[in-house]
Amino acid sequence: MNVLKQAKGFWFTIVLAAIFFVVMQFLINGEFLNPFYVNTLYTIGINIILAVSLHLVIGITGQFSIGHAGFLAVGAYVSAIITMKLGLPFPVALLAGGVVAAIAGIIIGIPTLRLRGDYLAIATLGFGEIMRILFLNIEYVGGASGMTVSHLITWPWLFGCVLATIIVIVNFTNSTHGRACISIRENEIAADAMGINTTYYKVMAFVIGAFFAGVAGGLHAHNFYIIQPTNFSFLKSFDILILVVLGGLGSMSGSVIAAVLLTIITAFLANYPELRMVIYSLVLIVVMLFRPQGLMGTKEITAFLKMSKAAKGGAQDGSRHTVA
Amino acid sequence: MAAGTPLLKVENAGIRFGGLKAVSGVNLELRQGELAGLIGPNGAGKTTFFNLLTGVYVPTEGSISLVGEKLNGLAPYKITKKGISRTFQNIRLFSDMTVLDNVKVAYHSLARHSILSSIFRLPSHFKGEMEMEEKAIEFLKIFKLDHVLHEKAKNLPYGQQRRLEIARALAAKPKLLLLDEPAAGMNPQETEDLMNLIALIREKFELTILLIEHDMNLVMGVCERIYVLDHGQLIAEGTPEQIRNNPKVIEAYLGEEVS
Ligand SMILES: Nc1ncnc2c1ncn2[C@@H]1O[C@H](COP(=O)(O)OP(=O)(O)OP(=O)(O)O)[C@@H](O)[C@H]1O
Ligand SMILES: [Mg+2]
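No experiment lies behind these values; they were computed from the predicted model shown.

Colleague: Can you break down the domain arrangement of chain A residue by residue, with the values?
Modeller: Residue and element names in this part refer to chain A. For chain A, the assigned domains are domain 1 (1-33) and domain 2 (37-323). For domain 1 and domain 2, the distance between their C-alpha centres works out to 22 Å. Listed by partner, the interface residues are ten residues for domain 1 and ten residues for domain 2. Of the roughly 940 Å² buried where domain 1 meets domain 2, counting both sides, 85% is carbon and sulfur surface.

Structure follows, in structure tokens:
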């Protein structure tokens, strides 16, 4: 039975994740990894959360939202206020960052998700910019010069958040609720005609995405020592968007892989920002030329594992017939 | 429900797009269990009428009610839950989803497990999903689609796509099923299979069906009553025999084909 198989795979993944966690914890505690690598690792984790949360909105639900950095900003500032101004513990800050970002998601989502295509993109882009300008003009959080934040991020918290994001989004996707979202992506009119409350599910996906982007904001703020409005411009939104598109729209493992790859490229080219943009663009151009569907297409990594196990013939992904 | 109570009652319904009266003043009653046909020349307003019934468009005049309950202004997904389900003239499957998942989507509104139960993988999630899967597989057997359960909908041959769309519409447990040109693009063999299928599902699910069709053999063969729409207005209704001999219809529609 499909459902049971899924449950087995779930526990298998958890065990693998636990092993990975312990090994990394050992490497970090023993200082086998230098700070540069540790920082890169943290950045990878944050970018995975951002990519996977946006994947739910764009890849699964098909809503082209390009203001994800807005939620990142909300999470970053709210969590920084919680720890730096209110003196509350870091976990509370992470949660509050997520919750406030989710509330922002509801407020933005309900009116904008009625829009389609280009209009939705423009509205969400506008939201991201408004958030940036808002923080730029609030003296309480330092205005343009930003806010200094303690380095409170730790490997267990980062890992826990990444894992929670992935589990929640995978479990949501592989359920009747996820199928409702995918049906909206596939054909909104038909989804509606099949009894799916499309507005509800679009907003739901958007809010879950916003929540995790907010959590990522909390991690981000407590990793970089300082947060400034310029960190959250539309360029940041595009960076996240690129991860989702590069990984393959609809593939969560694709988003994760793209987040890992591009973060590593960026980290190693940090001292050559011009070169970074060149290589970045080259990677994108090459991928879009040779794999326009993204690294993973719509497939998940588990599909490839199954395929090699069964040693069956190649994936049959016949030409798309469009039945207008 | 008492015999003879109309399942669907449409009174004076119409819609205009700017200056164009796409549908106007339509009165129509469907009895429980009836299989009726809706015909008319291209652009007569047949699909638009379906869009009115299913809430895609809100009527600018008149009223539509199902078992005495008014439907005007309800969102499409609510109308579906009240018991009207449809297929589309241009097939609208969830192409990148599997055959099984297409049907599961139609079962969604019957699912009782919440988002949280799915996220935390509570027992109610597994129970709900398992039930859905078993029901969907059983259901697809009726449509002889159980051998392609895990095939993506877009990879099915055209005839099977049409069948899957009907299956999906039926999975939503409608009282009234609307079929918009179900035989369009089918060869004679497929059309005949489809007619048999329609007769079968009607019996099995105690359905009321309204179908739009250009294929006169199909319409005259299976429908008990036929409604004729021309320029957005109902110009005739009756048995296939009456329609065949109605001069207005011959002029508006059939005559067109003869000439
Ligand atoms: N959203 C809309 N806006 C403006 N005009 C519309 C709209 N939808 C339909 N129409 C017009 O309403 C008229 C009826 O169209 P409809 O699609 O209902 O015809 P039909 O009877 O289904 O024809 P066919 O047999 O070709 O499918 C047409 O003139 C069409 O252009
Ligand atoms: Mg039509």
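There's plenty left to go through after this.
Colleague: Residues and numbers for the confidence of the model for chain B, please.
Modeller: Keep in mind that low pLDDT regions are not for reading the predicted coordinates in detail. Residue and element names in this part refer to chain B. Across chain B, the average pLDDT comes to 90, with 96% of residues at 70 or higher. Summarising per-element confidence for chain B, the mean pLDDT is lowest in helix α10 (residues 247-258) (68) and highest in helix α3 (residues 99-107) (97). Reported confidences for the modelled complex are a pTM of 0.91 and an ipTM of 0.92.

Colleague: Tell me about a nonpolar patch on the surface, residues and numbers included.
Modeller: All names here are of chain A. Judged by side-chain polarity, L86, L88, V92, L134, I138 and Y140 come together as a nonpolar surface patch covering roughly 500 Å² of accessible area. On the secondary structure map, L86 appears in the loop between α3 (68-85) and α4 (90-112). Look at L86 and you get partly exposed, because its relative accessible area is 49%.

Colleague: Help me get a handle on the packing of α3 of chain B against helix α6 (residues 158-171) of chain B, residues and values and all.
Modeller: All names here are of chain B. The geometry of α3 relative to α6 is characterised by a closest axis approach of 7 Å and an angle of 25° between their N-to-C directions. Viewed along their axes, α3 and α6 adopt a mutual orientation that is roughly parallel. The crossing of α3 and α6 is right-handed. Here V99, N102, V103, A106 and Y107 of α3 lie close against α6, whose contacting residues are L164, R168 and A171.

Colleague: Tell me what's going on with the nonpolar core, and back it up with residues and numbers.
Modeller: Residues L219 and I227 of chain A together with L140, F143, L164 and L211 of chain B are the most contacted members of the largest nonpolar core, which totals 147 residues. With near-sequence residues (within four places) excluded, L164 of chain B lies in contact with L93, V99, N102, V103, L140, L145, A153 and L156 of chain B. Counting 28 residues, the second largest nonpolar core, distinct from the first, contains L7, L8, L30 and L71 of chain B.

Reading guide: rules and limits
Residues numbered from 1 in each chain as written. Chains lettered and ligands numbered in written order. Predicted model: local features only at pLDDT ≥ 70, side-chain atom pairs only at ≥ 80, totals over all residues. Heavy atoms only, no water. Domains from an automatic or database assignment. Contact = heavy atoms within 4.5 Å. Buried area = accessible area lost by both parts, 1.4 Å probe. pLDDT = per-residue confidence, 0-100. Helix = DSSP H or I, 4+ residues; strand = E, 2+ residues; numbered from the N terminus. Patch = residues over 30% accessible without salt bridge, like charges linked within 9 Å, V, L, I, M, F, W, Y side chains within 5 Å. Areas by Shrake-Rupley, 256 points an atom, 1.4 Å probe, with all protein chains shown as cover. Salt bridge = Lys/Arg side-chain N within 4 Å of Asp/Glu carboxyl O. Buried < 20%, exposed > 50% of the residue type's maximum accessible area, 1.4 Å probe, protein only. Axes fitted to C-alpha atoms, helices over the stretch in contact; angles between N-to-C directions. Parallel < 35°, antiparallel > 145°, perpendicular 65-115°, else oblique. Left-handed = near helix turned anticlockwise from the far one by under 90°. Core = buried A, V, L, I, M, F, W, Y, C linked by side-chain atoms within 4.5 Å.

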